[in-house]
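# Close look at the chain arrangement
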Amino acid sequence: MKFLPFSSYSITGDATDCPICKSSQFTSISQWDRRFKRLHQVKCDQCSLVRHLPLPDEAGLAKYYAEEYRSDYQNVSVTPTERHRKKRIREAERRTANLDQNLKSGMHLLDFGCGSGEFVEFCGQQGVIATGFEPGEAYSTYAREQMGLNVVTGAYQDLNFDVKFDIITSFHVFEHLVDPLHAIEKMKTWLKPDGKIFIEVPNTNHILIKGFGGLHFAHTIGFARYSLEYLGAVAGLKIVDVFDEFDIGIVFEHGTPRELADIAKDGQNEMAKWTKGSVHKQYWRYTLSKLVGNRLTDRYKEYSAPSRS
Ligand SMILES: [Zn+2]
C-alpha cells in the first residue's frame, strides 16, 4: 500500500484497556500521527503509558509489518547498510558502558530483538557469551550468516533456550509491542535467579519536548521513566539502575518493587504536561518543521536527525 496522508491504518484490534496496569481510564492526546495519518493515541490515567486506542492485536501487528511497514518507513532497507551498522556499533559501546558492573567476561547474555546483531557482536568481543534473537528474517539471517553470530530468527512468544542468562537486554523493542507484560514475563523465565534485565526505550516524555517524531504507528506504546518502572514492578522486578538520557533505560532484578500507587503517582506528575492541547501544539511545530525545513525553531533543529522507528 502506498503512503496516503489523512487515511487510517487498516489494523485490527479491540483492546482498549492499558496493557500494563489494565486500567480502562485514559486521556486522549492525539488523533494523528507524525505521518498525517489518523491514529488515536491516549495516555493511561493510572500508569501514564502512552498507547494507540485500540491497540492492534498480534495478528494485526504482524500484518502491518508484512504489508505496510516498508511503505511507511521507506528508508528501512532489507539488509543493514554500513551507516546503520556504524550507528548501532556506537550504540553498543554506550550500552555496554552503561551496563559496566553488570557485564563480565564469561557471562551468558541474551539480546531480545537484536536486529542485525551489533550488540551481540560487541559483547562477544568483550568475552561475553552472547546470544540474540530477532523476528525480522532479513536482519537475523544477516547476523547469523554474514556476521557468524549466535542469532536465532523468531518471535519471543515462540522461543525457549537451553541455558539461563545472567543478563537479558532489549534495546528499542518494547515500544513496538502490544503485550509488554507477556514479554517481560517471558524474559524472567529465561533469567538466572540473580540475573538482570536491561530495557531501553525511547523516552516518550522527551519526545513531546523534542518534537512529536516518536508518535507513529510502529510505536504501539510509549514509555517514560515511571511507566517503565511500573512495567517492571507489575512483573515483580525492582530497579538496580536508571539511565535517563535521551532514551530511558532501566536495569531490573528480582526483588520487591516500590508500591505501584507510588510509581503511578510519580508517572502522573512526570506526564502531567501531556494534554491534547500540548500535543496538538507540538504536532504542528513538528509538522511545519518537516514542511518548511528546520528553520522554525532552534530547539527543534537540535533534534532533527531522523528518529528511530
Ligand atoms: Zn496503565
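Now for a look at the structure at hand. (Residues numbered from 1 in each chain as written. Predicted model: local features only at pLDDT ≥ 70, side-chain atom pairs only at ≥ 80, totals over all residues. Heavy atoms only, no water.)

With that settled, consider the overall build of the protein. Counting its regular elements, the protein contains 11 helices and 11 strands. Buried positions account for 52% of the 309 residues belonging to the protein. In the protein, the proportion of contacts linking residues at least 24 apart, taken out of those at least 6 apart, comes to 68%. Working note: accessible area of the protein is about 13,900 Å², and carbon and sulfur atoms make up 52% of it. (Helix = DSSP H or I, 4+ residues; strand = E, 2+ residues; numbered from the N terminus. Buried < 20%, exposed > 50% of the residue type's maximum accessible area, 1.4 Å probe, protein only. Contact = heavy atoms within 4.5 Å. Areas by Shrake-Rupley, 256 points an atom, 1.4 Å probe, with all protein chains shown as cover.)

Enumeration according to the criterion identifies 15 salt bridges in this entry. Between Lys-196 and Glu-253 there is a salt bridge, with the nearest N and O atoms lying 3.4 Å from each other. With Lys-196 in strand S8 (residues 191-202) and Glu-253 in strand S11 (residues 247-254), this pair connects stretches of sequence that are 57 residues apart. Classification of Lys-196 by relative accessible area gives buried; the value is 16%. (Salt bridge = Lys/Arg side-chain N within 4 Å of Asp/Glu carboxyl O.)

A separate point is the coordination of the zinc ion. Donor atoms from the polypeptide that coordinate the zinc ion comprise Cys-18 (SG), Cys-21 (SG), Cys-44 (SG) and Cys-47 (SG), at 2.3 Å from the metal. One can describe the site at the zinc ion as tetrahedral: its four donor atoms subtend angles covering 96 to 117° at the metal. Spacing between the donor residues of the zinc ion along the chain follows C-x2-C-x22-C-x2-C. Accessibility classification places Cys-44 together with Cys-47 in one group, the buried group. (Donors = N, O, S within 2.8 Å, 3.2 Å for Na, K, Ca; no water. Tetrahedral: all angles 85-135°; square planar, octahedral: opposite > 155°, others 65-115°.)

Another point: the sheet that holds strand S9 (residues 221-222). Strands belonging to one sheet form pairs held by backbone hydrogen bonds; the direction of such a pair is parallel or antiparallel. Strand order in the open sheet formed by four strands is S1-S2-S3-S9, with antiparallel pairing between adjacent strands. Of all the strands in the sheet, the pair left with one neighbour each is strand S1 (26-32) and S9. Across three bridges, strand S2 (residues 38-44) lies against strand S3 (residues 50-52) in antiparallel orientation. The residue of S3 that forms the bridge with Val-42 is Arg-51. (Pairing = 2+ DSSP bridges.)

The subject of this paragraph is the sheet that holds S11. Spatially, S6-S5-S4-S7-S8-S11-S10 is the arrangement adopted by the seven strands of the open sheet, whose pairing is mixed. Single-partner strands in this sheet number two, and they are strand S6 (151-153) and strand S10 (237-244). Along the sheet, successive strands turn relative to each other by an average axial angle of 20°, direction set aside. With five bridges connecting them, strand S4 (residues 108-112) and strand S5 (residues 129-134) associate as parallel partners. Paired with Leu-110 across the two strands is Thr-131, which belongs to S5. Where helix H3 (residues 82-99) meets the sheet, its contacts fall on strand S7 (165-171), S8, S10 and S11, and the angle it forms with S8 comes to roughly 135°. Of the strands in this sheet, S5 and S6 are in contact with helix H5 (residues 137-146), which crosses S6 at around 150°. (Axes fitted to C-alpha atoms, helices over the stretch in contact; angles between N-to-C directions.)

This part is about the packing of aromatic side chains. Throughout the structure, instances matching the rule amount to 11 aromatic pairs. Aromatic pair Phe-112 and Phe-133: ring centres 4.9 Å apart, planes at 65°, arrangement edge-to-face. Highlighted residues: Phe-112 in strand S4 and Phe-133 in strand S5, separated in sequence by 21 residues. This pair shows no difference in class: Phe-112 is buried, exactly as Phe-133 is. Here Phe-161 and Phe-165 contribute two aromatic rings whose centre-to-centre distance is 5.5 Å and whose plane-to-plane angle is 80°, an arrangement assigned as edge-to-face. Every member of this aromatic cluster is reached through a ring pair, and the members are Phe-112, Phe-133, Tyr-156, Phe-161, Phe-165, Phe-174 and Trp-190. (Phe/Tyr/Trp six-rings, centres within 6.5 Å; stacked < 30°, edge-to-face > 60°.)

A few words now on unusual backbone geometry. At the junction of Leu-53 and Pro-54, the peptide bond is cis and its omega measures out at -5° in the coordinates. Checked against the element boundaries, Pro-54 lands in the loop between S3 and helix H1 (58-67). One non-glycine residue with positive phi stands out, namely Lys-22, at about 70°. Its location among the elements puts Lys-22 in the segment before S1. Its identity is not glycine, yet His-172 carries a phi of approximately 55°, on the positive side. His-172 gets classed as buried once you look at its relative accessible area, which sits at 12%.

With that out of the way, let us pick up the nonpolar core. One finds Phe-112, Phe-174 and Trp-190 to be the most contacted residues of the largest nonpolar core, which totals 48 residues. Every residue in contact with Phe-112, bar those within four places of it in the chain, is listed here: Phe-133, Tyr-156, Ile-168, Thr-169, Ser-170, Phe-171, Val-173, Phe-174, Ala-183, Met-187 and Trp-190. (Core = buried A, V, L, I, M, F, W, Y, C linked by side-chain atoms within 4.5 Å.)

With that settled, the discussion passes to helix H10 (residues 276-292). Taking 1.5 Å of rise per residue, 17 residues should cover 24 Å, and H10 covers 24 Å from first to last C-alpha, within 8% of that figure. Turning to H10, its buried residues number three or more, namely Val-279, Gln-282, Tyr-283, Tyr-286, Thr-287 and Ser-289. Within H10, the buried residues cover an arc of 155° as seen down the axis, which keeps them to one side. Those residues of H10 that are exposed and angled more than 90 degrees off the buried face are Lys-281 and Leu-291. (Expected span 1.5 Å × (residues − 1). Arc of directions from axis to C-beta.)

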